[in-house]
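Secondary and tertiary structure notes
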Amino acid sequence: MFHVVFYHPEIPGNTGNAIRMAAGSGTALHLVEPLGFSVDDAKLRRAGLDYHDRAALHVHPDLDDVWAALRPQRVYAFTSAAERSYETVAYQPGDVLMFGPESVGLPSEILSADYVVPVRIPMLPGNRSLNLANSAAIAVYEAWRQQGFAMP
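Residue numbers restart at each chain and count upward from 1, following the sequence in its written direction. Per-residue local features of the predicted model are confined to residues with pLDDT of at least 70, and side-chain atom pairs are confined, for both listing and counting, to 80 or more; whole-chain, interface and lining totals are unaffected and use all residues. Side-chain metrics in this entry use all non-hydrogen atoms of the structure; hydrogen atoms and water are not considered.

Under an unreviewed UniProt entry, the name given to the chain is Putative tRNA (cytidine(34)-2'-O)-methyltransferase, and the organism recorded is Saccharopolyspora taberi. UniProt positions are given in the numbering used here, feature names are shortened, and annotations may be inferred rather than shown by experiment. Within the UniProt record for the chain, the comment given under Sequence similarities (unreviewed entry) is "Belongs to the class IV-like SAM-binding methyltransferase superfamily. RNA methyltransferase TrmH family. TrmL subfamily." Turning to the chain, the UniProt annotation filed under Subcellular location (unreviewed entry) states: "Cytoplasm".

Spelled out as structure tokens, the structure:
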């Protein structure tokens, strides 16, 4: 189906919520170290409830390891600085939906890479960003909707 990449996530509750979303949608969740928490963190477990065993969760030591494992054709990097809106993309199974750390977002070297297409989720002026788990859910469900909610 789709791959969600959290690059250096910082807040265990956000990742726990994303684990639930991944389990419910059939997406794979990839975490790129360093993480701001342990995958055994109680807050992560509480937010993910009993969905940990239903989610495809992968922890990678660095971004190169993610790319070696996935060999993606298309990577969409979610950033409030992008011009293109996320709903204008024609998503395909196997696409990577990438998100940066909660405090700073994705670094410019990732956003400017040749293989990355920056996209944004619209929001009212004056807002800096949306919650990480909510943003991932918005993106995943739009991509999955375009596939007719096909089962993975």
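Along the chain, the regular secondary structure elements total five helices and six strands. Note on conventions: DSSP H or I runs of at least 4 residues are helices, E runs of at least 2 residues are strands, and numbering of each starts at the N terminus. Secondary structure elements in the chain, listed N-terminal to C-terminal, are β-α-β-α-β-α-β-β-α-β-α. Overall, the C-alpha framework of the chain stretches about 40 × 35 × 35 Å when taken along its three principal axes. Whether a residue is buried, partly exposed or exposed follows from its accessible area with a 1.4 Å probe, protein chains only, as a fraction of its type maximum: under 20%, in between, or over 50%, in that order. Considering the chain as a whole, with its 152 residues, one finds that 43% of them fall into the buried category. Every residue pair with non-hydrogen atoms within 4.5 Å of one another is taken to be in contact. Of all intrachain contacts in the chain linking residues separated by at least 6 positions in sequence, the fraction that spans at least 24 positions is 77%. Roughly 7700 Å² of accessible area belongs to the chain as shown, and the carbon and sulfur atoms make up 51% of that amount. We get accessible surface area from the Shrake-Rupley algorithm with a probe of 1.4 Å; when it comes to residues, only the shown protein chains can shield them.

When two helices pack together, you describe them by how their axes are tilted relative to each other and by the distance separating the axes. For helices, the fitted line uses only the C-alpha atoms of the stretch in contact; every axis is such a line through C-alpha atoms, and the angle between N-to-C directions lies from 0 to 180 degrees. In the contact formed by helix H1 (residues 12-25) and helix H5 (residues 132-146), the axes pass within 8 Å of each other and the chain directions differ by 15 degrees. Judged by the angle between their axes, H1 and H5 are roughly parallel. Where H1 crosses over H5, the handedness of that crossing is right-handed. Here Asn14, Asn17, Ala18, Met21, Gly24 and Ser25 of H1 lie close against H5, whose contacting residues are Leu132, Ala133, Ala136, Ala137, Val140, Tyr141 and Trp144. Residues are sorted three ways: Asp, Glu, Lys and Arg are charged, Ala, Val, Leu, Ile, Met, Phe, Trp, Tyr, Cys and Pro are nonpolar, and all the rest, Gly among them, are polar. Residues of the contact of H1 with H5, tallied by class, amount to nine nonpolar, four polar and no charged. Geometric relationships in this document are graded by angle, where less than 35 degrees denotes roughly parallel, more than 145 denotes roughly antiparallel, 65 to 115 denotes roughly perpendicular, and other angles denote oblique. Throughout, a crossing is termed right-handed when the near helix is turned clockwise from the far one, and left-handed when it is turned anticlockwise from it by less than a right angle.

What follows concerns the nonpolar core. As used here, the term nonpolar core means buried Ala, Val, Leu, Ile, Met, Phe, Trp, Tyr and Cys residues forming a set that is joined through side-chain atoms within 4.5 Å. By size, the foremost hydrophobic cluster in this structure holds 24 residues, and its most contacted members are Val4, Phe6, Leu29, Phe78, Tyr91, Leu97 and Phe99. Among the elements of the structure, strand E1 (3-7), H1, strand E2 (28-32), strand E4 (75-78), strand E5 (96-99) and H5 are those that each provide at least two residues to this core. Of the residues forming this core, the biggest block, five residues, is contributed by H5. Among residues more than four places away in sequence, those in contact with Leu29 are Val4, Phe6, Thr15, Ala18, Ile19, Ala22, Ala56, Leu57 and His58.

What follows deals with H5. What sets the pattern is the α-helix's 3.6 residues per turn: residues three or four places apart point alike. A helix is expected to reach a length of 1.5 Å times the quantity of its residues less one. Taking 1.5 Å per residue, 15 residues should reach 21 Å; H5 reaches 22 Å between its end C-alpha atoms and fits that length. Buried positions along H5 lie against E1, H1, E4 and E5. Capping the start of H5, Asn131 holds a side-chain oxygen 2.9 Å from the backbone nitrogen of Ala133, two or three residues further along. Following H5 by one or two positions, Gly148 adopts a phi angle in the positive range, close to 70 degrees. By the criterion applied in these results, polar contacts are pairs of N or O atoms within 3.5 Å in which, for protein atoms, one can donate a hydrogen and the other can accept it, and in which residues neighboring in sequence qualify only through two side-chain atoms.

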